[in-house]
Amino acid sequence: MTEAHDIVGACPHDCPDTCSLITTVQDGRALRVRGNPAHPHTAGVLCTKVSRYAERTHHPERVLTPLRRVGAKGEGRFEPISWDAALDEIATRLTAIAARDAEAILPYSYCGTMGLVQGESMDRRFFHRLGASLLERTICATAGAEALNHTLGGKLGMQVEYFAESRLILIWGSNAIASHLHFWRLAQQARRAGARLVCIDPRRTETAEKCDEHVALLPGTDAALALGLMHELIVHDWLDHDYIERHTLGWPQLRERALQWPPERAAAVCGIPVQQLRDLARAWGTTRPAAIRLNYGVQRCAGGGNAVRAIACLPALTGAWRHRAGGLLLSSGGNFPVDRAALQRPELLAGRRPRTLNMVTLGDDLLRESSAAFGPKVEALIVYNSNPVAVAPESPKVVRGFVREDLFTVVLEQFRTDTADHADIVLPATTQLEHWDIHLAYGHTDVLLNRPAIAPLGQAWSNARIFRALAARMGFDEPCFQDDDEALCRQAYGDKVDWDELLQHGFVSLKVPEAPFADGGFPTPSGRCEFYSARLAAQGLDGLPDHVPNHEAVGVMPEGDYPLALITPPARHFLNSSFVNVQSLRSIEGEPLLEMHPCDAAARGIVSGQMVRVFNARGSYHCKAQVGERARPGVVNGLGVWWRKLGPRGTNVNELTSQQLTDLGRGPTFHDCRVQVERVVVAPDPVTEVVERSTADV
Ligand SMILES: Nc1nc2c(c(=O)[nH]1)N[C@H]1C(S)=C(S)[C@@H](COP(=O)(O)OP(=O)(O)OC[C@H]3O[C@@H](n4cnc5c(=O)[nH]c(N)nc54)[C@H](O)[C@@H]3O)O[C@H]1N2
Ligand SMILES: Nc1nc2c(c(=O)[nH]1)N[C@H]1C(S)=C(S)[C@@H](COP(=O)(O)OP(=O)(O)OC[C@H]3O[C@@H](n4cnc5c(=O)[nH]c(N)nc54)[C@H](O)[C@@H]3O)O[C@H]1N2
Ligand code: SF4
Ligand SMILES: [Mo]
């Protein structure tokens, strides 16, 4: 037995906190993973999920050899094959398709790892060289990102640590305790020093119940709330006229727009008491320093981009940016000087301009035939760092696409996910403990390096190695296909980050201003905070932020059929669909639940613990009802992206969500969805279930 030793790494997950990890290793096995006490933002603490990362890595169900399908698509029956056989088969199939039209090949990936090497380097080189279709990676944050870009000039904002000094914090569209725990520590610090915390969220989350105030607005009404707040700031003259004059663009127009939103109108749209809106405006207008921790929950609806724009105007109106503990933070990602061209080598496209498909509309796109407008039918799909069968909206269509007999599907995975079950070939991928990577963060401003703690398990390879090997099989002989994983790590930031310091400490803090917009200097075309965006107006869009009702707002769809709004926020102990197969975490999470307000439940004769069917025109989903105050009247909360095969009847909540897009950024609208709910009566014979409609529904 060798002595145990520690290796410093980085959490790979799609979470603003990007923690520094310490893995204790003995005899080639990761014994445990804990938070690095030397990294200020991590402060020695990890969330419950990643504390179980060693359990996840050494999970008995890891995919450890290449697999070839022997059953029907989706059945999940495979036989092990050699790497040579797998690579030969993939290269042969892709070469044949590419000879006809390389755009019939579609890569599909997201942030299963946020690592720059395993997430967006050799893979992109490979697909660029091939001339495959491009993918718009929109499934999470593009509406908010584009909104920030058009308002502040980029994914920039407050330095997260200064929230600890704020006197008022609006936690807006974010369940910090569940989804970025380390921010909550700072909010608690602020509160101990006397700050007031306000949570703005339709759901009474763990975070909402611990704040001083909870504004439980209807989903998709945040822009109306922001405009109503502006109305009050104007009427009471809680404005910083000097800041507005010197550092903003379009105030006369925005002022006129906001004056159309008296508190009564805004509160009615939001479904909140008008006094609550007035009180919030007074607090925002009169407290210094005041800050907003905005998160992506607000932008998963039709008007998500406009909502983020409206909210991002609030700090400039009151001059909140003047203080380092004032302003707003949605994403800090724009601070990182990543050399994406060096990693991804767009020049390998050699002048070709392949079509781009949107990852949100995968369901529709897999079912499309070739046409002049669409281009070639998708014939091959290469999935990595993502589990689209579970996470993409409107899964009935996604599944119909994945079971197509004429689709060749390769999935690079650590586990037999719902998506892997539909693959022709599954390739075993390493976890973060087994490979090199380098990271940015979107909730702080440190670069992190991930060193492998253990050797790859079984025959697992890193994504970068897999794409290197595929490139070699396909005869791609450009020198960039020789770069190994460590070399790719070095290329990510070039000389902009000190490599030796990274090797030594595992992280390097970027040099960023304490209060980025204290004296204006917004990186927009005008150099100002753009209330009015000429760029948006030039695209034929509204140059000012406005309230854009949900696609499936009250009154838009036939309300009698689907009267309830459904939101689908993450489960605390899963990360999107990752960790659902980790038994200890699944035990805490329990089972798929639908939270309902007592009045909506009573109207349908539903009690807690009862099996219900949630449905709309797109699909139908069974889970247990949990009746209580976490849900507001008129809104039901379907928690977590469960693996379909681990949920009742092999479905999850994305059976119901739609492929409609946001106003900006072509993003998903997971929280913009209408449904009906009915109880399911289980007959003595468990196979025959009778659905009972109460009189309230008809
Ligand atoms: N434990 C855990 N942590 C996670 C994740 C996870 O799955 N589990 N996912 C990670 C990822 S990929 C991301 S993008 C982030 C996601 O985390 P967030 O950016 O925080 O986004 P959501 O979880 O979608 O929504 C956050 C909150 O917004 C609320 N919400 C829904 N609709 C609206 C609305 O219209 N207006 C307002 N004001 N609020 C609304 C939801 O009820 C939820 O509590 O978290 C990351 N962290
Ligand atoms: N209904 C509903 N749906 C949602 C959301 C919601 O709030 N509600 N949230 C949406 C959001 S915000 C996001 S970001 C998406 C996320 O959706 P995805 O990006 O698909 O994220 P995960 O579900 O975590 O799946 C990531 C997969 O990547 C694998 N993986 C991790 N590391 C590696 C690696 O190094 N190599 C390879 N080959 N594989 C790896 C993991 O095993 C896991 O199966 O889901 C979206 N879907
Ligand atoms: S998921 Fe977030 S909070 Fe948890 S360890 Fe990773 S970065 Fe930290
Ligand atoms: Mo996300």
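How each quantity is defined
Residues numbered from 1 in each chain as written. Chains lettered and ligands numbered in written order. Predicted model: local features only at pLDDT ≥ 70, side-chain atom pairs only at ≥ 80, totals over all residues. Heavy atoms only, no water. Pairing = 2+ DSSP bridges. Helix = DSSP H or I, 4+ residues; strand = E, 2+ residues; numbered from the N terminus. Axes fitted to C-alpha atoms, helices over the stretch in contact; angles between N-to-C directions. Contact = heavy atoms within 4.5 Å. 1 Å grid on protein atoms, 1.4 Å probe; cavity = no way out; pocket = protein on both sides within 12 Å on 5 of 7 lines; lining within 4 Å. Points joined across faces, edges and corners; volume = space filled by probe spheres on them. Nonpolar A, V, L, I, M, F, W, Y, C, P; charged D, E, K, R; others polar. Near = heavy atom within 4 Å. Polar contact = N/O pair within 3.5 Å; in protein donor to acceptor, adjacent residues only side chain to side chain. Areas by Shrake-Rupley, 256 points an atom, 1.4 Å probe, with all protein chains shown as cover. Core = buried A, V, L, I, M, F, W, Y, C linked by side-chain atoms within 4.5 Å. Buried < 20%, exposed > 50% of the residue type's maximum accessible area, 1.4 Å probe, protein only. pLDDT = per-residue confidence, 0-100.

Asks: I'm lost on the sheet that holds strand β5 (residues 78-80) in this one. Help?
Replies: Read from one edge of the open sheet, six strands run β5-β4-β17-β16-β15-β6, paired in mixed fashion. Each of the sheet's edge strands pairs with one partner strand only, and the pair in question is β5 and β6 (105-109). Averaged over all pairs of adjacent strands, the angle between strand axes in this sheet comes to 20°, irrespective of strand direction. The pairing of strand β15 (residues 380-384) with strand β16 (residues 408-413) spans five bridges and is classified as parallel. What sits directly across from I382, in β16, is V410. Contacts from helix α5 (residues 122-130) reach β6 and β15 within the one sheet, and its direction differs from that of β15 by about 165°.

Asks: Any chance you could explain the layout of surface pockets here in plain terms?
Replies: If a probe as big as a water molecule is rolled over the atoms, it shows which places are left empty. One number sums up the size of the largest pocket: a volume of about 870 Å³. Contributing to the lining of the largest pocket are 30 residues, with Y110, E120, R137, K155 and R340 lying nearest its centre. Listed by contribution, the elements that provide at least two residues to the lining of the largest pocket are α4 (116-120), β7 (134-136), α6 (142-151) and α16 (340-344). Across the lining of the largest pocket, the residue classes tally to 13 nonpolar, 10 polar and seven charged.

Asks: Which parts of the structure should I look at to understand the site of ligand 3?
Replies: Within the structure, ligand 3 sits among C11, C15, D17, T18, C19, L46, C47, V50, H182 and L575. When its residues are assigned to classes, the shell around ligand 3 shows seven nonpolar, two polar and one charged.

Asks: I'm lost on the site of ligand 1 in this one. Help?
Replies: Looking at ligand 1, there are 32 residues lining it, with D201, D222, P570, F574 and N576 nearest. For ligand 1, a nitrogen atom lies 3.0 Å from a polar atom in the backbone of S179. Contact with the protein chains covers 98% of the free accessible surface of ligand 1, which is 890 Å². When the residues that make up the shell around ligand 1 are grouped by side-chain class, the tally is 15 nonpolar, 10 polar and seven charged.

Asks: Explain the nonpolar core to me, please; I cannot follow it from the model alone.
Replies: Considering soluble globular proteins, one finds that nonpolar side chains tend to be buried as a cluster. In terms of nonpolar packing, the biggest core is built from 168 residues, with F126, W172, L225, L314, I438 and Y493 touching the most fellow members. Setting aside residues up to four positions removed in sequence, Y493 forms contacts with L116, F336, P337, V338, I438, H439, L440 and V447. In this structure, L21, F415, I454 and L585 belong to the second largest nonpolar core, which totals 27 residues.

Asks: Explain empty space enclosed by the protein to me, please; I cannot follow it from the model alone.
Replies: Per the counting criterion, the structure on display carries two cavities of 30 Å³ or more. For the second largest cavity, the calculated volume is near 40 Å³. Lining the second largest cavity are I7, V8, G9, L21, T23, Q432, L433, N450, R451 and A453. Looking at the lining of the second largest cavity, the elements with two or more residues in it are β1 (5-10) and β2 (20-26). The dominant element in the lining of the second largest cavity, judged by the number of residues it contributes, is β1, at three residues.

Asks: What's the story with the sheet that holds strand β3 (residues 29-35) in this structure? I'm lost.
Replies: The strands making up a sheet are joined through hydrogen bonds of the backbone, oriented either antiparallel or parallel. The strand order across the open sheet formed by three strands is β1-β2-β3, and the pairing between neighbours is antiparallel. Each end of this open sheet is capped by a strand with a single partner; those strands are β1 and β3. In this sheet, neighbouring strand axes are inclined to one another by 30° on average, regardless of whether the strands run parallel or antiparallel. Where β1 and β2 come together, six bridges link them in antiparallel fashion. Across the sheet, residue D6 finds its bridge partner in β2, namely T24.

Asks: Help me out: how do you make sense of the confidence of the model for the protein chain in this one?
Replies: Caution applies to low-pLDDT parts of the model: their predicted coordinates are not meant to be read in detail. The predicted model of the protein chain has a mean per-residue pLDDT of 96, with 97% of residues at 70 or higher. For the stretch residues 685-698, pLDDT sits under 50, and the model shows 24 contacts to residues farther than four places along the chain or on other chains.

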